[in-house]
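A closer look at the structure
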Amino acid sequence: MSQPLEFRPEAEDAVSDEGEALRFMRPHFGEEKFPWIQIWGYIGSLVLTFAALIMVVDHVLPPLALLSVILALAVGQAALQLGVFMHLRESRGLAWQIIFLGMVLLMAVGMVGMSIWIMTFKSGVS
Amino acid sequence: MSLPVEDEKIIQHVPAEFSDEKESIKITGFWMFLVTDVLIFASLFSSYAVFKNQVAQGPSASQLFTLGPVILETLLLLTSSFTIGLAIYAMRKENKRALMFWLILTLLLGAGFVTAEVHDFVTFVSAGATWHKSAFLSGFYILVGTHGAHVTFGIIWAATLLFQVARRGLTAVTTRKLFTFSLYWHFLDIVWIFIFTFVYLNGKIV
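Quick caveat, the model's predicted, so the values are computed rather than measured. (Residues numbered from 1 in each chain as written. Chains lettered and ligands numbered in written order. Predicted model: local features only at pLDDT ≥ 70, side-chain atom pairs only at ≥ 80, totals over all residues. Heavy atoms only, no water.)

**Some details on the nonpolar core**
By size, the foremost hydrophobic cluster in this structure holds 84 residues, and its most contacted members are Tyr48, Phe65, Phe136, Phe140, Trp192, Ile195 and Tyr200 of chain B. For this core, the domains that each give at least three residues are domain 1 (9–18 + 30–94) and domain 2 (96–126) of chain A. Other than its neighbours up to four places away in sequence, Trp192 of chain B contacts Val70, Glu73, Thr74, Leu77, Phe113, Glu117, Val144, His147 and Tyr200 of chain B. In this structure, Ala74 of chain A together with Phe82, Leu86 and Ile193 of chain B belong to the second largest nonpolar core, which totals seven residues. (Core = buried A, V, L, I, M, F, W, Y, C linked by side-chain atoms within 4.5 Å. Buried < 20%, exposed > 50% of the residue type's maximum accessible area, 1.4 Å probe, protein only. Domains from an automatic or database assignment. Contact = heavy atoms within 4.5 Å.)

So, in structure tokens, the structure goes:
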């Protein structure tokens, strides 16, 4: 492993071919001596979970504001899981999963949001 | 045909699971599967969101849920997400013993989660809150149950991987399988966080 690398990683070649437009999909591999990132990720996820729990148990905000805040905490926690544990930016060549995830985020938010919105119209019936 | 794993790792400067071109593309494929799974859960969350106040003669969310068992389940799943993260870290360090230790721990934590969830469901059903009682309960059981089925499948998958790693060691194929399993497991953790927030905590906001 100690000999100098004679070949440039394929990943970088792919990026240079694509130019700057797909720069955000450039793969990135994390390398650590000790799993600090995982430990901080775990502590972070516990803090976010208990923050949401305590806010609900203590009723610190009016219902709709409280729901918005705990959903924001959940989104933060999802981002933390993706970034810390799921190696989001790792790939051989460009990290296409970033595009997939962006698309599905749009679809999922649309699906849930639009369902809730459309059903408010017949709230008197159902 | 790719080069042997060791050569590929040096030339490509990527971890073992990305070292084989064909195995590596399966990781991208697995991300696509997860994306479709997001849509399954999105549709189940939609139906739950729409039905959560349609309680008919049955109990409402705030009457039914107790946060104690749910916090236990959340802690078990969050910890298992951490241990599978450590398993992948050990895999990258080519430490097979540590990898298997963390994988077994993940498996046990997952089993603990499913046990707690089944116990929860049995408690609800014995109190008369079955899934045909109200639209709210139908939405609840189908959403939380689909997640629980995913976790159960994940446990079986992890058990098979444990045998494969024990017999074949850390090859381009087994590391790729372990990596995709870790993606699956973290994904289930994310889904659970939204169930915890939107179903259980939201149920307690009155």
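Back to the write-up after that little detour.
**Section: unusual backbone geometry**
One non-glycine residue, His87 of chain A, adopts positive backbone phi at about 50°. Examined against the element boundaries, His87 of chain A turns out to sit in the loop between helix 3 (63–85) and helix 4 (97–119). Since its relative accessible area comes to 14%, His87 of chain A is described here as buried. Its identity as a non-glycine residue notwithstanding, Glu94 of chain B has a phi of 60°, on the positive side. Within the element layout of this structure, Glu94 of chain B appears in the loop between helix 4 (67–92) and helix 5 (96–126). For Glu94 of chain B, a relative accessible area of 47% corresponds to the partly exposed category. (Helix = DSSP H or I, 4+ residues; strand = E, 2+ residues; numbered from the N terminus.)

**So, the side chain of Thr79 of chain B**
In this structure, Thr79 of chain B sits in helix 4. A polar atom in the side chain of Thr79 of chain B sits 2.8 Å from the side chain of Tyr42 of chain A. Not counting the four nearest positions on each side in its chain, Thr79 of chain B is found in contact with Tyr42 of chain A together with Leu109 of chain B. (Polar contact = N/O pair within 3.5 Å; in protein donor to acceptor, adjacent residues only side chain to side chain.)

**Quick look at the interface of chain B and chain A**
Contacts between chain B and chain A engage 56 residues on the former and 55 residues on the latter. Between chain B and chain A lies a buried interface of about 4,900 Å² when both sides are counted; carbon and sulfur atoms form 77% of it. Summed over the three residues of chain B that lose the most area to chain A, namely Trp31, Tyr89 and Ile205 of chain B, the buried surface amounts to 13% of that side. Remark: the boundary between chain B and chain A carries one salt bridge. Residue Arg92 of chain B is joined to Glu90 of chain A by a salt bridge in which the shortest nitrogen-to-oxygen separation is 2.5 Å. At the junction of chain B with chain A, the criterion picks out eight residue pairs in polar contact (both at pLDDT 80 or more). Going through the elements one at a time, helix 1 (5–12), helix 2 (21–51), helix 4 and helix 7 (172–204) of chain B are the ones with two or more residues in the side of chain B that touches chain A. Of the residues forming the side of chain B that touches chain A, the biggest block, 15 residues, is contributed by helix 2 of chain B. Split into classes, the residues belonging to the side of chain B that touches chain A amount to 34 nonpolar, 15 polar and seven charged. (Buried area = accessible area lost by both parts, 1.4 Å probe. Salt bridge = Lys/Arg side-chain N within 4 Å of Asp/Glu carboxyl O. Nonpolar A, V, L, I, M, F, W, Y, C, P; charged D, E, K, R; others polar.)

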